[in-house]
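Report on the structure
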Amino acid sequence: MNFRRDRQREEPEINLIPFIDVLLVVLIFLMVSTTYSKFTELQITLPTADAEKVQERPFEINVTIDAKGNYTVNNVPVAFHSVAGLAEDLRNAARSGPNGQPATDPVVIVNADQFAMHQMVINVLEAARVAGYDKLTFAAQTGGQK
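All values derive from a computational prediction rather than experimental measurement.

1. Some words on the pattern of salt bridges
- Per the stated rule, a full pass over the model turns up 4 salt bridges.
- Between Arg91 and Glu88 there is a salt bridge, with the nearest N and O atoms lying 3.0 Å from each other. Of this pair, Arg91 and Glu88 are both found in helix H2 (residues 83-95), 3 residues apart, which corresponds to roughly one turn of the helix.
- Note that Arg129 and Glu126 form a salt bridge whose closest N and O atoms lie 2.3 Å from each other. Linking Arg129 with Glu126, this pair stays in helix H3 (residues 118-131), spanning 3 residues, or about one helical turn.
- The exposure class assigned to Arg129 is exposed, which follows from its relative accessible area of 55%.
- Because the salt bridges share partners, they merge into one network encompassing Glu88, Arg91 and Arg95.

See the structure below:
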């Protein structure tokens, strides 16, 4: 073993030429494979509107139930005797459809007062089922008296 200190250490030599060669190859690859443009355009399909088409709104049968237990069908008071009788009133309301033509598939809208009994709403649902109307919508009125 030689532990002498009088010998000078040589500084490591760094050769940058291979590093520069690799950087040039990468730069050339990027220049060849990349396309550059001044403006980038997005292809956007904008929605269009046609004012001539009028969507037909389905015929509505409004059934209103107040807090006192009264039914009205299209603002005409109806006396409730049975579900079948209420179903017949719904059919009569559908017969006087738009433009005097019978409505084929009306929407039954149930407007119930917040203090109306649940059984009254169930009676309307059952009457709509008996009448053959399967489109139902519900609305709530909050200004009724108890």
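Picking up after the structure, the text goes on.
2. Brief notes about the pairing of strand S4 (residues 107-113)
- Of all 7 residues in S4, 7 are buried; the element is thus mostly enclosed.
- Across the two faces of S4 the burial is the same, with Val107, Ile109, Asn111 and Asp113 and Val108, Val110 and Ala112 all buried.
- In this sheet, S4 lies alongside strand S1 (residues 60-65) in parallel orientation, the contact comprising 6 bridges. Opposite Ile65, over in S4, you have Ala112 as the bridge partner.

3. Observations regarding the UniProt feature "transmembrane region" (unreviewed entry) in the chain
- Cross-referencing UniProt, the feature "transmembrane region" (unreviewed entry) maps to residues 12-32 in the present numbering.
- Helix and strand shares over residues 12-32 are 76% and 0% respectively, and the end C-alpha atoms of the span are 37 Å apart.

4. What to know about the nonpolar core
- Counting residues in hydrophobic clusters, the biggest one holds 24 residues, and the most contacted among them are Ile61, Val63, Ile65, Tyr71, Val73 and Leu90.
- Residue assignment for this core shows that the elements contributing at least two residues are S1, strand S2 (71-73), H2, S4 and H3.
- In terms of residues, this core owes the most to one element, H3, which gives 6 residues.
- If we ignore the near neighbours within four places in the chain, the residues touching Ile65 are Asn70, Tyr71, Val110, Asn111, Ala112, Asp113, Ala116, Met120, Val121 and Val124.

5. Here we look at the environment of Val73
- As for its position among the elements, Val73 is in strand S2.
- Between the C-alpha atom of Val73 and that of Asn62, which follows or precedes it by 11 residues, the distance is 5.7 Å.
- Not counting residues within four places of it along the chain, the set of residues in contact with Val73 comprises Ile61, Asn62, Val63, Val78, Leu86, Asp89, Leu90 and Ala93.

6. Quick word on the packing of aromatic side chains
- Applying the stated criterion to the full structure yields 1 aromatic pair.
- Here the aromatic rings of Tyr71 and Phe80 are separated by 5.3 Å at their centres, their planes lie at 35 degrees, and the arrangement is tilted.
- Overall, Tyr71 belongs to the buried group, its relative accessible area being 3%.
- Look at Phe80 and you get partly exposed, because its relative accessible area is 34%.

Cut-off values and rules
- Residues numbered from 1 in each chain as written.
- Predicted model: local features only at pLDDT ≥ 70, side-chain atom pairs only at ≥ 80, totals over all residues.
- Heavy atoms only, no water.
- Salt bridge = Lys/Arg side-chain N within 4 Å of Asp/Glu carboxyl O.
- Helix = DSSP H or I, 4+ residues; strand = E, 2+ residues; numbered from the N terminus.
- Buried < 20%, exposed > 50% of the residue type's maximum accessible area, 1.4 Å probe, protein only.
- Pairing = 2+ DSSP bridges.
- UniProt positions renumbered as here; feature names shortened; annotations may be inferred.
- Core = buried A, V, L, I, M, F, W, Y, C linked by side-chain atoms within 4.5 Å.
- Contact = heavy atoms within 4.5 Å.
- Phe/Tyr/Trp six-rings, centres within 6.5 Å; stacked < 30°, edge-to-face > 60°.

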